[in-house]
Amino acid sequence: MKRLFLLLALLFTYVITSAQEFIINPWGADELQCYAVSKSAEGFSVNYNEEEGLNFAEGTSIQKIGESDNGYYYIFEHEGKYFAANRQELIFSSNNPEDVENPLSEKIQARGSTLGKFYGSSSAITAIIITMAIAALIALFYLKFNIGALRPIFLLAIPTAILCISLIEVVGYLKFGMDMFWWCEYDRYGFFGSLFRVIPFMIVMVAQLYSIKVYEIGLAFNDSKSDANIPRKISVKPAFISLAICVPIFLVVVFTMAGLDLQGIWMDIAAIVAFLGSLGVGVFITLKRNIKAWGAINGMWVTIFTIVYCLGCIVSGIGLIVLIFKIIFQMLVVIGTLFILACITPRRRYVRNGRVYEEY
């Protein structure tokens, strides 16, 4: 009997030490909807019907006892019932023993970091809106009311705002990809919910695109060196084109070299030359034009934040295009489904001699 108790104790200790504890950490919400799970002799089966699921508050600890067939959901027990939580919305608990391995990928782990909390909440959106609003107020008082004392503040605030907003967008996209646009995703908010959120996104993007034009006007405004007969402009287009095409050109060269079976050092050299060459030409032209228009120091400074500004605009554009495509795609699916149903639905139904006839 003692041996039996010892064996049970060892088994219980093994289960406790090998269990994986997670903490619910949903992006953009205080709760996470978990699907109901049924257990049979063949294993666990996830029921993706939302009405039969249950919401769990942020910070709730769960013990993983299994996975869904596709591996995207972790199964846990709650009050005698089984549920499935999306693994992307989980954090590996610090209560786990040191010998328990974290099964979450680095991308998912990043969602639970300090940076992930910044992008996974309204903090990033709020920071962009506040930064844009402050810059707009400074530009308004300087340009509209002609307050000359604000010129140094304007010259510093506008590029700083552009840099901050662009960096927030670029870092978020590089770290989390399209997940950073959780606040207007179709899968989360549906058709109309995502559509209403995309519209303000478009307004913010337009304001971001126009911001460099405002700065260009402010640079020449109240400038004693400025000649009204010779308009000066910030060069953006060459750098923007280079930034937009350098990655596609790099990929084309890599795939072309691979197709020609020219791999190794030659592929690396060709890819690097193609990337730096396509990037450097546009940036050099922009730098040259900006130095000519604004002088050496101002021209270099304008070119630096122009590059970051272009990156931010490209990231915003990619996000907006993908989101709009998702919305349009879902709308087309709904319209297509209704059209198919209309085609297969009988136009007239009648009974003759005890038989039902349908006309299409």
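Details of the structure are given in the entry above.
Computed from a prediction, not measured in an experiment: that's the story for all the values here.

We now examine the pattern of salt bridges. Per the stated rule, a full pass over the model turns up 4 salt bridges. With a closest N to O distance of 3.1 Å, glutamate 89 and arginine 111 form a salt bridge. Taken together, the positions of glutamate 89 in the loop between strand 7 (81–86) and strand 8 (90–92) and arginine 111 in helix 2 (residues 106–111) put the pair 22 residues apart, joining distant regions of the chain. On the basis of relative accessibility, which here comes to 10%, the residue glutamate 89 falls in the buried class. For arginine 111, a relative accessible area of 4% puts it in the buried group. Put simply, aspartate 179 and arginine 111 hold a salt bridge, and the shortest N to O gap is 3.1 Å. Residue aspartate 179 is located in the loop between helix 5 (151–176) and helix 6 (186–220), and its partner arginine 111 is located in helix 2; the two are separated by 68 residues in the primary sequence. With respect to burial, aspartate 179 and arginine 111 carry one shared label: buried.

Assignment of secondary structure puts serine 93 in the loop between strand 8 and helix 2. Given a relative accessible area of 2%, serine 93 falls into the buried group. There is a polar contact of 3.1 Å between the side chain of serine 93 and the backbone nitrogen of asparagine 95.

When the terminal C-alpha atoms of helix 5 are compared, their 37 Å separation across 26 residues agrees well with the 38 Å that a helix rising 1.5 Å per residue should span. Taken from the residues just after helix 5, glycine 177 is the one with a positive phi, measuring 65°.

Now for the environment of glutamate 31. Within the secondary structure layout, glutamate 31 lies in strand 2 (residues 31–40). Through-space distance from the C-alpha of glutamate 31 to that of asparagine 55 is 5.9 Å; in sequence the pair is 24 residues apart. Setting aside its immediate chain neighbours within four residues, glutamate 31 contacts Pro26, Asn55, Phe56, Ala57 and Glu58.

Moving on to the packing of helix 5 against helix 6. In the contact formed by helix 5 and helix 6, the axes pass within 10 Å of each other and the chain directions differ by 160°. Accordingly, the angle class assigned to the pair helix 5 and helix 6 is roughly antiparallel. By crossing handedness, the relation of helix 5 to helix 6 is classed as left-handed. Only Gln208, Ser211, Ile212, Val214, Tyr215, Gly218 and Leu219 of helix 6 make contact with helix 5, whose side of the interface consists of Arg151, Phe154, Leu155, Ile158, Pro159, Ile162, Ile165, Ser166 and Glu169. Residue composition of the contact of helix 5 with helix 6, by class: 10 nonpolar, 4 polar and 2 charged.

Next up on the list: the pairing of strand 7. Pairing geometry for strand 2 and strand 7, over 3 bridges, is antiparallel. Looking at the pairing, tyrosine 35 lines up with alanine 84 of strand 7. Note: strand 6 (residues 73–78) against strand 7, 6 bridges, orientation antiparallel. Residue pairing across strands places isoleucine 75 opposite alanine 84, the latter belonging to strand 7. The antiparallel hairpin formed by strand 6 and strand 7 contains 2 residues in its connecting segment, where glutamate 79 sits at a positive phi of about 55°.

Parameters at a glance
- Residues numbered from 1 in each chain as written.
- Predicted model: local features only at pLDDT ≥ 70, side-chain atom pairs only at ≥ 80, totals over all residues.
- Heavy atoms only, no water.
- Salt bridge = Lys/Arg side-chain N within 4 Å of Asp/Glu carboxyl O.
- Helix = DSSP H or I, 4+ residues; strand = E, 2+ residues; numbered from the N terminus.
- Buried < 20%, exposed > 50% of the residue type's maximum accessible area, 1.4 Å probe, protein only.
- Polar contact = N/O pair within 3.5 Å; in protein donor to acceptor, adjacent residues only side chain to side chain.
- Expected span 1.5 Å × (residues − 1).
- Contact = heavy atoms within 4.5 Å.
- Axes fitted to C-alpha atoms, helices over the stretch in contact; angles between N-to-C directions.
- Parallel < 35°, antiparallel > 145°, perpendicular 65-115°, else oblique.
- Left-handed = near helix turned anticlockwise from the far one by under 90°.
- Nonpolar A, V, L, I, M, F, W, Y, C, P; charged D, E, K, R; others polar.
- Pairing = 2+ DSSP bridges.

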